[in-house]
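# Coordinate analysis (summary)
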Amino acid sequence: LLLGFWLFNDDLKGWQTLIGALVALLAALIAVYAQRIWNEQQRRRRLLSHRALLPEDLSRVMRYARQCADVACAALVALRTNQNPRPELECPILPERVLDDLRFLIENLDGKDALAVADLVSCYQVQHARLSGELEDFNRPERHAVPRIVTVDNVEHTFEKTVELTLLINNMWEFARRETDTIPPPQFNAADFRDALFALGIFDVMSAEYRTQLERIYIAT
């Protein structure tokens, strides 16, 4: 009623356009604010949904890491026993859905947690490229202009990023299970390192010298 009085009072008709514009602006601001609240609620729901999938995604990455370790072990056995012909070995790959879930978390988690998930994805990309490249040389050493001799050391060194991937996965389990609110810094001890090697089934496969080298890289001092 008060607004109608202001709009139709003869003495105030000159202000009608301005008042109408202000009312329209206020309505637009309220609509924008309401839309932002709705969008944020939707984003939070999607984040909760993707966090709920994180244990399954980490389990899938862990299975991938074990498969990679198995393939590398098969290549080592072939090289150490001079198998001829060599077995045709293929590098495993993560389903794109898992990577999409992890990318969503990178985009929507806070600071350090997003960085931790980004480190996991980055580690996977480097690890996959390194192992797949080594297996291509193992399967077809003549594919280069000069045939490349694949050695035990070449294959053994692909374990580095597979071990790192396993360490990063294990570091995220409590966060994935909602037992903690943040992902802890990636600081690993001797037990963490040993557990990763046993989980991959490579503790007794890699040489003692290379195992010592990896310990220096990953175990916090």
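As shown above, the structure is provided for reference.
Our subject in this report is the structure included herewith. (Residues numbered from 1 in each chain as written. Predicted model: local features only at pLDDT ≥ 70, side-chain atom pairs only at ≥ 80, totals over all residues. Heavy atoms only, no water.)

### Here's the deal with the nonpolar core
Judged by nonpolar contacts, the single largest core of 57 residues is most densely connected at Leu 58, Leu 120, Phe 159, Val 163, Leu 165, Ile 169 and Ile 202. Those elements giving two or more residues to this core turn out to be helix H2 (16–80), helix H3 (96–108), helix H4 (111–139), helix H6 (159–176), helix H7 (190–200) and helix H8 (208–218). Here this core takes 15 residues from H2, the largest share from any one element. Apart from the residues within four sequence positions on either side, Leu 120 is in contact with Leu 58, Leu 102, Leu 165, Leu 168, Ile 169 and Met 172. (Core = buried A, V, L, I, M, F, W, Y, C linked by side-chain atoms within 4.5 Å. Buried < 20%, exposed > 50% of the residue type's maximum accessible area, 1.4 Å probe, protein only. Helix = DSSP H or I, 4+ residues; strand = E, 2+ residues; numbered from the N terminus. Contact = heavy atoms within 4.5 Å.)

### Notes on the pattern of salt bridges
Counted by the stated rule, this structure contains nine salt bridges. Put simply, Glu 56 and Arg 97 hold a salt bridge, and the shortest N to O gap is 3.5 Å. Taken together, the residues span a long stretch of sequence, with Glu 56 in helix H2 and Arg 97 in helix H3 at a distance of 41 residues. Three or more residues are tied together by salt bridges with common partners; here these are Glu 56, Asp 57, Arg 97 and Asp 101. (Salt bridge = Lys/Arg side-chain N within 4 Å of Asp/Glu carboxyl O.)

### Section: the packing of H3 against H4
Two elements in contact, H3 and H4, have axes whose closest approach is 8 Å; the angle formed by their N-to-C orientations is 145°. As H3 runs across H4, the sense of the crossing is left-handed. Here Leu 99, Leu 102, Leu 105 and Ile 106 of H3 lie close against H4, whose contacting residues are Ala 114, Val 117, Ala 118, Leu 120, Val 121 and Tyr 124. Its residues placed into classes, the contact of H3 with H4 shows 10 nonpolar, no polar and no charged. (Axes fitted to C-alpha atoms, helices over the stretch in contact; angles between N-to-C directions. Left-handed = near helix turned anticlockwise from the far one by under 90°. Nonpolar A, V, L, I, M, F, W, Y, C, P; charged D, E, K, R; others polar.)

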